[in-house]
Structure formats: C-alpha cells, structure tokens
Amino acid sequence: MGTLLPDEKQENPNGLEQLQNQKDVDAGALFVLKSKGSWVHCGYHLTTSIVAPALLSLPYAFTFLGWTSGILCLVIGAFVTFYSYNLISRVLEHHAQMGKRQLRFRDMARDILGPRWGRYFVGPTQFAVCYGAVVASTLLGGQCMKAIYLLSNPNGTMKLYEFVIIFGCFMLFLAQIPSFHSLRHINLVSLLLCLAYSAAATAGSIYIGESSKGPEKDYSVKGDSVNRLFGIFNAIAIIATTYGNGIIPEIQATIAPPVKGKMLKGLCVCYVVLIATFFSVSISGYWAFGNESEGFILSNFVDNGKPLVPKWFIYMTNIFTITQLSAVGVVYLQPTNEVLEQTFGDPKSPEFSKRNVIPRVITRSLAITISTTIAAMLPFFGDINSLIGAFGFIPLDFILPVIFYNFTFKPSKRSPIFWLNVTIAVTFSALGAIAAVASVRQIILDAKNYQLFANV
C-alpha cells in the first residue's frame, strides 16, 4: 500500500490492545467485534449481509415499476448505497486516525450527532432492522423447506411453523459461534451460494420464459391509479431493503488496523457480486413472468403444484437458498450478540471462561428462540419487514451516512459533494416517509388474512 501518511500513524496497529487499553471497554467490543480480519474477509461479510435471498423478490418489485423505472431504481440504489457505505467507511477511518476508533453504529451517532441520537434513535433502529432480518431469514428458511416438502410429498400434512422451528434449531447451533470474525469462512461459502442460487434462478426463468410452460408475458402495471402510486413506493421499500445493510460500522470493526482503504476493497468485492446477481435475477425473472412475478421468484417455478422446471433443479435452488439464509441470519444476529455480551459478559474474565460462556449460551439461545417464535407466529412478517425497511434501512443506509460525512468533514457549502449529500438526505427522507405510509397501508389491506401460526 506504500508509505503511511502522517495522520495514519496515530492509528494503533494492534486493535485488541487498543480496545483493552480503553477505560470504557466492554465485553461486546472485546469478544464479538474482534479486529482481526483482512479486506477479503470484509468483502465476505458485506456480501452475505447485502446479497441475500431478498434479491429473489426484485422481479416482484418490477411489477409495480415496469421495465424502465425498475432498472433505473436498481441503478440508483447501487450507486447511492455504494457511495453511502464508502462515506461511512471514510468517517470511521478519520476517527480511527484521530485515535478514537468507533466499532458500532450507535457509537458513530453518539460521537457525531450527540448521545441521545445513539441511544434513542440509531441504536433501537439498528436493533429492530437487524433482529427483523433474523426473523425474516428464519421465516423464509421455513418457507423454502416447506416448498421442498410439498414438491416431494404433495399431500403432506406438516405445517409451515414446523419447518420454521426446524430451521430455528439449526440457527440455535450457529448462534453460538463466538465472534463476527469467526464467521469469515461461513461467509465465503455464503458468497458462493448467493452466486449459485442467483444463477439457478436466472437459468430457470430463462428456461420457462423460452418454453410454452410459463404465463403469457404482460409487462403492464396492474391496478387503478391509487394502487399503482402506492405500489411504486412499496417497490422502492423492497429495493431499499434488498440493498440495505445496517451494520457497516460493525463489519469495518472486524478489520485489523490500519483500516485505511480496506473497506473500499471489500465493497468492490461485494458490488461485483451484487451487480452480477441483482440485475440478472430481476431482469430474467420479470422478462419470464411479467406482472405475474411472485414475491419470491422461486414460487413461479411451480404452477398449481406442477413444477415448470425439473424437480431436482427446484430442490437444488432451494437448498442453496436455505443454506445461505442461515449465514445471513447469523450475520444479522451479531449486533444482538454484541449487546447481550456487553450487558451480561465480563471483559476482565477470559472469553471462554465459565463466567462468559454460560451467559453467552443462555442469552443467544433465548434470542434465537424468540425470533423463531415470532417467525412461526407471524408468517405474514414480510409486510412488517417492509415497514421496518422503510423506517430502518432507508435512514441507516441512505440518510445517516451523508449526514455523518457532512458533520465530520464539513465540506464547503459551495462544493458539489455537500449538495449531493444534502440532495440524497432530503430525497430519501421523503421516500422513506412515503414508503412507510405505503407499508402501513399494505398491512391494513392484508390484515383480514392474518392469522397466528397460519399455514401459508
């Protein structure tokens, strides 16, 4: 990388030692957010947190937008999130060079905007988003398992909540992995899996679209003017949630100092995978199924119980998806693990002492039990997650990064970067508010179908 700049020398080359020397060190920072990783590991973590099975809902978002607006929203989402994540990284690097490395989103908000922002807005918002992602991963994992079961046994009597519980048991095991850095090998496998199921979804869509098995292609936007308008904002919430991350500071915290430039390399790895998967799945899926695209594109591969592609192909694609969902779930569990470790752990005792292991196992198991119960009880959680996306992912990933940058570096009001950041903040604040209204409206419309432990 060449010679370090003068302001980089202040950054402690030993992240763990730097943490241990801080008076306010806590067990969450010390044990969960270990700073030992490389930029390659960072790329694995970023890819798992962003390029997740939620991308299989992108053709459905296109049904509200059509071709031109759909592709335009994908391009804007890619540009703005890459830009925003890079801004967060630069702010974090700046503070690290000043001798105060921030490891969590709420730490950034506390130091840049004030303690109340960290405690009452960013902290709770991030927790809701990340824990919501764990619940959503568990629910989707159960739905994929049920799809495999019904394909092999059409008259089967097992209910959705039973598959959710099975998936939750697997998550219970993965939740005990001690630190974020410990997930690096799992997240490499996750990266390969997202490429695999995206390629399978694309190939399956093209196969069905080329054959006479698929529906008649119709790309018109359904509904009256009101439904179309709310549909557009609902689609924006879906796309924002798909691009969402919410844990950039925690991922950067896993990088061994000096951190300068490493996050950008990790982002480049992630976005190469993202562009290859998001665009191929959304374009091929919408091309094949048009406005009949389901909320989860793999559902289009089966028509009234009859598979439109070979059964083994559906089994394989669902297995890839289920396996990656477990990695996504455990990555988004890390902020919860960090809070639990901070609350119940003892930084003065060894990481694997009885004093720390027993509370760790109990609290993490409880967290997974609660998330699995919510997923089993509320199989309509997708509607709720859309609301969480509007209230959570849009502020955390589109709005706060540009505010953090402007507050930290104070660019001139005459500079293009200042006004670009202001434009992004204002535009996405308005979009987030409208998308939240659209999500609430969708929940109200679907409420008549809601039933606890429903077998959907």
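Residues numbered from 1 in each chain as written. Predicted model: local features only at pLDDT ≥ 70, side-chain atom pairs only at ≥ 80, totals over all residues. Heavy atoms only, no water.

**Student:** Can you lay out the overall build of the protein chain for me, pointing to particular residues and giving the numbers?
**Tutor:** When its secondary structure is counted, the protein chain shows 16 helices and two strands. Its C-alpha atoms give the protein chain a radius of gyration of 22 Å, within 12% of the compact-globule value 23 Å for 456 residues. Viewed in the frame of its principal axes, the protein chain has a C-alpha envelope of about 65 × 60 × 40 Å. Scored against the burial criterion, the 456 residues of the protein chain give a buried share of 55%. In the protein chain, 83% of the contacts between residues at least 6 apart in sequence involve partners at least 24 apart. Surface summary for the protein chain: the accessible area is close to 19300 Å², and the carbon and sulfur share equals 66%. For the protein chain, the distance from the average site of its 34 positive side-chain charges to the average site of its 25 negative ones is 5 Å. (Helix = DSSP H or I, 4+ residues; strand = E, 2+ residues; numbered from the N terminus. Rg over C-alpha atoms; globule rule 2.2 N^0.38 Å. Buried < 20%, exposed > 50% of the residue type's maximum accessible area, 1.4 Å probe, protein only. Contact = heavy atoms within 4.5 Å. Areas by Shrake-Rupley, 256 points an atom, 1.4 Å probe, with all protein chains shown as cover. Lys, Arg positive; Asp, Glu negative; His and termini not counted. Charge placed at Lys NZ, Arg CZ, Asp CG, Glu CD.)

**Student:** I'd like a description of the side chain of Gln 102, backed by residues and values.
**Tutor:** On the secondary structure map, Gln 102 appears in the loop between helix 4 (58-97) and helix 5 (105-112). One polar contact links Gln 102 to Asp 111, side chain to side chain, over a distance of 3.0 Å. Those residues in contact with Gln 102 that sit more than four places away from it in its chain are Leu 92, His 95, Asp 107, Met 108 and Asp 111. (Polar contact = N/O pair within 3.5 Å; in protein donor to acceptor, adjacent residues only side chain to side chain.)

**Student:** Tell me what's going on with helix 13 (residues 334-344), and back it up with residues and numbers.
**Tutor:** Among all positions in helix 13, only Gln 334, Pro 335, Thr 336, Asn 337, Glu 338, Leu 340 and Glu 341 are buried. Summarising the contacts, the buried residues of helix 13 are in contact with helix 2 (27-32), helix 5, helix 6 (115-152), helix 12 (311-332) and helix 14 (354-377).

**Student:** Summarise the pattern of salt bridges; cite the residues concerned and give the values.
**Tutor:** In the structure shown here, the tally under the stated rule is 10 salt bridges. A salt bridge links Arg 364 to Glu 341; the shortest N-O distance between them is 3.4 Å. Of this pair, Arg 364 sits in helix 14 while Glu 341 is found in helix 13, placing the two residues 23 residues apart along the sequence. Beyond isolated ion pairs, a larger network of salt bridges with shared partners links Asp 26, Arg 104, Arg 106, Asp 107, Arg 110, Asp 111 and Glu 338. (Salt bridge = Lys/Arg side-chain N within 4 Å of Asp/Glu carboxyl O.)

**Student:** Summarise a nonpolar patch on the surface; cite the residues concerned and give the values.
**Tutor:** Taken together, the side chains of Tyr 161, Ile 165, Leu 452 and Phe 453 make up a nonpolar region of the molecular surface, amounting to roughly 360 Å² of accessible area. Mapped onto the elements, Leu 452 comes out in the segment after helix 16 (416-446). (Patch = residues over 30% accessible without salt bridge, like charges linked within 9 Å, V, L, I, M, F, W, Y side chains within 5 Å.)

**Student:** Could you give an account of the environment of Pro 307, naming the residues involved and the relevant values?
**Tutor:** Turning to its location among the elements, Pro 307 is positioned in strand 2 (residues 306-307). Through-space distance from the C-alpha of Pro 307 to that of Ile 236 is 31 Å; in sequence the pair is 71 residues apart. In this structure Pro 307 touches Leu 151, Phe 301, Val 302 and Ile 314, once residues within four positions along its chain are discounted.

**Student:** Quick rundown of the environment of Ile 403? Include the residues and the values.
**Tutor:** Looking at where Ile 403 falls in the secondary structure, it is placed in helix 15 (residues 381-409). Distance in space between the C-alpha atoms of Ile 403 and Tyr 120 is 17 Å, their sequence separation being 283 residues.

**Student:** Describe the packing of helix 13 against helix 14, naming the residues involved and giving the relevant values.
**Tutor:** At their nearest, the axes of helix 13 and helix 14 sit 10 Å apart, and the two run at 140° to each other. If you check the angle between helix 13 and helix 14, you find them oblique. Considering how the two elements wind past one another, helix 13 and helix 14 form a crossing that is right-handed. Across from Thr 336, Asn 337, Leu 340, Glu 341 and Phe 344 in helix 13, the residues of helix 14 making contact are Arg 355, Pro 359, Arg 360, Thr 363, Arg 364 and Ala 367. Class assignment of the residues belonging to the contact of helix 13 with helix 14 gives a composition of four nonpolar, three polar and four charged. (Axes fitted to C-alpha atoms, helices over the stretch in contact; angles between N-to-C directions. Parallel < 35°, antiparallel > 145°, perpendicular 65-115°, else oblique. Left-handed = near helix turned anticlockwise from the far one by under 90°. Nonpolar A, V, L, I, M, F, W, Y, C, P; charged D, E, K, R; others polar.)

**Student:** An account of the packing of helix 5 against helix 6 is needed here, citing residue identities and associated values.
**Tutor:** The N-to-C vectors of helix 5 and helix 6 enclose an angle of 155°; their axes lie 7 Å apart at closest approach. It follows from the interaxial angle that helix 5 and helix 6 lie roughly antiparallel. Judged by the sense of rotation from one axis to the other, the crossing of helix 5 with helix 6 is right-handed. On helix 6, the residues that touch Phe 105, Arg 106, Ala 109 and Arg 110 of helix 5 are Pro 115, Trp 117, Gly 118, Val 122, Gly 123 and Gln 126.

**Student:** Account for unusual backbone geometry, with residues named and values stated.
**Tutor:** A negative phi angle is the norm for most residues apart from glycine, just as the trans form is the norm for most peptide bonds. Residues Pro 257 and Pro 258 are joined by a peptide bond in cis, for which omega reads -5°. Note that Pro 258 resides in the loop between helix 10 (248-253) and helix 11 (262-289).

**Student:** Can you explain the packing of aromatic side chains? Please cite residues and give values.
**Tutor:** How two aromatic rings sit relative to each other is set out by the distance from centre to centre and by the angle between their planes. This model, assessed by the stated rule, comprises 18 aromatic pairs. With 5.5 Å between their ring centres and 55° between their planes, Trp 67 and Tyr 219 make a pair best called tilted. Of the two residues, Trp 67 sits in helix 4 while Tyr 219 sits in the loop between helix 8 (184-210) and helix 9 (225-243), which places them 152 residues apart along the sequence. Residue class for Trp 67 comes out partly exposed when judged on its relative accessible area of 28%. Exposure remark for Tyr 219: the relative accessible area of 28% places this residue in the partly exposed category. (Phe/Tyr/Trp six-rings, centres within 6.5 Å; stacked < 30°, edge-to-face > 60°.)

**Student:** Account for the nonpolar core, naming residues and giving values.
**Tutor:** Membership of the largest hydrophobic core comes to 111 residues, with the highest contact counts inside it found for Leu 56, Phe 278 and Phe 404. The element contributing the most residues to this core is helix 4, with 14 residues. With residues up to four places along the chain from it excluded, the contact list for Phe 404 reads Val 91, Phe 105, Met 108, Ala 109, Ile 112 and Leu 113. Residues Leu 139, Leu 160, Ala 375 and Ala 376 belong to the second largest nonpolar core, which totals nine residues. (Core = buried A, V, L, I, M, F, W, Y, C linked by side-chain atoms within 4.5 Å.)

**Student:** So what's going on with the confidence of the model for the protein chain? Residues and values would help.
**Tutor:** Summary statistics for the protein chain give a mean pLDDT of 89 and a share of 94% for residues scoring 70 or more. In the predicted structure, residues 1-23 sits below a pLDDT of 50 and forms 27 contacts with residues beyond four places in sequence or in another chain. (pLDDT = per-residue confidence, 0-100.)

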